[in-house]
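Residue-level structural notes
Spelled out from the first residue to the last, the chains are:
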Amino acid sequence: MIKRFLTVSSMLSLLLAMNTNLSQAETLVPIDEYIAKTTHTYTTNADKSEYTINVPHLRVAGDYVYMDNALKSEPIKLPIIQKDGQQYVDLDLATAVLGVTYTVNNGVVTVNAAPIRMEKRTSPEMKGPVSWAFDPFTTTPYSGLMNTSGDNIISPSWFELQDKGLKLNKNINASYVQTYRDQGYRVWPLISNQFDPKFTSTVVNNESKWDAYVQQLAQYAYIYGFDGYNFDFENVSYKDRDALTKFVAYLADTLRTYNIRTSIDVTGYSDSPDWSMVYNRKAFSESVDYVVLMAYDETWASSTKAGPVASYPWVKRHATDMLKEVPANKLVLGIPYYMRIWTVTDGKAKGKTLQIKDTPQYYENYKDQITWNDTLKTHFLEIPVSAAAKAQAEQDSLEKQAAVINEAKEAGDIIGVEVQVLSTNVVSTNASANNITATTSNSTMTDNDTAGNKTTTTTPKKITGSKVVEQIWFEDNNSLGYKLDLVKDLKLAGFAAWRKGFEDANTLDLISKANLGGKHTSTSHTDKDKRKKSTVKEKTKSTKEDIPMVRVVRTHS
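Since this is a predicted model, take the numbers as computed values, not measurements. (Residues numbered from 1 in each chain as written. Predicted model: local features only at pLDDT ≥ 70, side-chain atom pairs only at ≥ 80, totals over all residues. Heavy atoms only, no water.)

Attention now goes to the overall build of the protein. The secondary structure content of the protein amounts to 14 helices and 33 strands. Out of the 557 residues in the protein, the part that is buried amounts to 55%. When contacts within the protein are restricted to residue pairs at least 6 apart in sequence, long-range pairs at least 24 apart make up 71% of them. Within the structure as shown, the protein displays about 23,100 Å² of accessible surface, and the carbon and sulfur contribution to it stands at 49%. (Helix = DSSP H or I, 4+ residues; strand = E, 2+ residues; numbered from the N terminus. Buried < 20%, exposed > 50% of the residue type's maximum accessible area, 1.4 Å probe, protein only. Contact = heavy atoms within 4.5 Å. Areas by Shrake-Rupley, 256 points an atom, 1.4 Å probe, with all protein chains shown as cover.)

So, about the nonpolar core. Among the nonpolar cores identified, the biggest contains 135 residues, and Tyr 34, Leu 98, Trp 132, Phe 226, Tyr 229 and Leu 333 are the most heavily contacted of them. With 10 residues, the top contributor of residues to this core is helix α4 (residues 210-224). In contact with Tyr 229, not counting residues within four places along its chain, are Phe 159, Trp 188, Pro 189, Ile 191, Leu 217, Tyr 220, Ala 221, Leu 255, Ile 260, Arg 261, Thr 262 and Ser 263. Residues Trp 342, Val 344, Ala 349 and Val 469 belong to the second largest nonpolar core, which totals eight residues. (Core = buried A, V, L, I, M, F, W, Y, C linked by side-chain atoms within 4.5 Å.)

On to the packing of aromatic side chains, then. This model, assessed by the stated rule, comprises 32 aromatic pairs. Three or more aromatic residues link up through ring pairs in this structure, and these residues are Trp 158, Phe 159, Tyr 176, Tyr 180, Tyr 185, Tyr 220, Tyr 224, Phe 226 and Tyr 229. One Lys or Arg, Arg 121, reaches over the ring of Tyr 222 and ends 5.1 Å from the middle of that ring. Above the ring of Tyr 142, the side-chain terminus of Lys 500 is found at 4.6 Å from the ring centroid. (Phe/Tyr/Trp six-rings, centres within 6.5 Å; stacked < 30°, edge-to-face > 60°. Lys NZ or Arg CZ within 6 Å of the ring centre and 35° of its normal.)

For the rest of this paragraph, the subject is the confidence of the model for the protein. Across the protein, the average pLDDT comes to 83, with 74% of residues at 70 or higher. Here residues 521-535 is a poorly scored stretch, pLDDT under 50, and it has 26 contacts once near neighbours within four places are set aside; other chains count. (pLDDT = per-residue confidence, 0-100.)

The subject of this paragraph is helix α12 (residues 477-489). With 13 residues, α12 ought to run about 18 Å at 1.5 Å a step, and its terminal C-alpha atoms sit 18 Å apart, in line with that. Taken across its 13 residues, α12 has 10 buried, putting it largely inside the fold. Listed as buried for α12 are Asn 478, Ser 479, Leu 480, Gly 481, Tyr 482, Lys 483, Leu 484, Asp 485, Leu 486 and Val 487. In the stretch just after α12, Lys 491 is the one whose phi turns positive, near 55 degrees. (Expected span 1.5 Å × (residues − 1).)

Here the focus is the packing of helix α8 (residues 312-322) against α12. Packing of α8 against α12 leaves a shortest axis separation of 10 Å and a crossing angle of 20 degrees. Comparing the axis directions of α8 and α12 gives the class roughly parallel. Here the hand of the crossing between α8 and α12 comes out right-handed. Together, Tyr 312, Val 315 and Lys 316 of α8 and Tyr 482, Lys 483 and Leu 486 of α12 make up the contact between the two elements. (Axes fitted to C-alpha atoms, helices over the stretch in contact; angles between N-to-C directions. Parallel < 35°, antiparallel > 145°, perpendicular 65-115°, else oblique. Left-handed = near helix turned anticlockwise from the far one by under 90°.)

Strand order in the open sheet formed by three strands is β4-β5-β8, with antiparallel pairing between adjacent strands. Where the open sheet ends on each side, the last strands, each with one partner, are β4 (42-44) and β8 (74-77). Direction aside, neighbouring strands of the sheet carry axes that sit 25 degrees apart on average. Both β4 and strand β5 (residues 51-55) contribute to a ladder of three bridges, which runs antiparallel. (Pairing = 2+ DSSP bridges.)

It is worth spelling out the pattern of salt bridges at this point. Enumeration over the complete set of coordinates arrives at 15 salt bridges. Linking Arg 186 and Asp 151 is a salt bridge whose minimum nitrogen-to-oxygen distance equals 3.4 Å. One end of the pair, Arg 186, is in strand β17 (residues 185-187); the other, Asp 151, is in the loop between β14 (130-135) and β15 (152-161), with 35 residues separating them in the sequence. Here Glu 286 and Lys 282 are joined by a salt bridge, their closest N and O atoms 2.8 Å apart. Here Glu 286 falls in the exposed class, since its relative accessible area comes to 54%. For Lys 282, a relative accessible area of 44% puts it in the partly exposed group. (Salt bridge = Lys/Arg side-chain N within 4 Å of Asp/Glu carboxyl O.)

Given below as structure tokens:
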């Protein structure tokens, strides 16, 4: 196929230029020409680097979408593409909701003001099993599909519910969307509820607020080219269970009239009212296109007892149980690209996030100590720790903490991520709203974006007379391979990985070769086991390890 790159002159026409190496069409109109022709009013900042357009209220009637200027308009950030130092708007990425349309006749492009009526955007059927990645930091796009068994979905964390409409993440990026669409991805941005139960209660119990959310979601989808959305509504008061169910149904049903798909994330089963019991999973499955089981945080971040993030028996049990409420063709299995390194002092554990991409040093330095637990389907490592050495390492890492904080701040307002520096000097990122914190067990540096206050404690606490060990239940190609096999074995709708940026090249290679049950084939899992185990000590850890069922108190890692 041909990618069309067009820039529209002041006469609003230009001959087509062809580039046969790319797959999608681009019709780029200079920002000044767009402003001259759009039917929408707009505002801009002082240096004209950002524009906000006021999009009329949308309504659906049959196969058409109408823009109704008589009703309240919604402010939408204009998708600007930078190319060769110039600002453009891509007319192929958007629809007439942008306020302009164009025609091509004999290689000549003409831009016109948009009519008030347009055909609904088409929504091709989803092909499963899907391969899905969450991308809260809006990282550099993948250079190809994750897996060819079915459709690929990418979910950047770009929206957050607020009292009046949506809060937009500053990292929203039209070029990012176009890059993924060029490769055949579906772009489904994530929408968070701030993980705030009091705020969420005000939203789900006030139906007068709901239309504003739908309006903005539909407008952004039609302007940026989103195919769907992912609802990440967590930490919701159990008393609001019915209201949450009704709210999700309203969002999903109304967006479906625009041919926009939806999904929702749910935890596994536990006795936690606000983190698990609040979810009416069966009702969700009757509203949305996919229910994503977040099959991780088996042992939660603040647990005082160490354990794996997602052992195979635990994951399989929750997936199997959920199939009693959610049809297999709608249930997506969440998999972790992270684990935790646990510092256990006299039996009391403290966990910190460890990314898959930061684990090779452990396999290299401790290969004779790493063992395989065939029940949990994970590698395990326990390292005795010198208290003095640990304190010194943590003190030496303070400068790295500051660098990580600055990098996170520059990356933008990331929902649910906390910055941590491990005692082994391995850096991990895992956020929490606007408060970004870098921690070790002995020192803390906090940067509060709102207050602007910064405090640093550099004197490490001394541990004397204590037994200290570090423990890791690894997530690697072995453990992930077993979980990916469940997609095929249980005939699930696919997998979804939390999160992009934590994996390494070996992880992506595993994902690309995984047989998820579609037409794609891969090497056998037995062969993968042999390759991995050849790098560690050939012995199996006792399968009687006590991994307790715990209350889920989940934070994004």
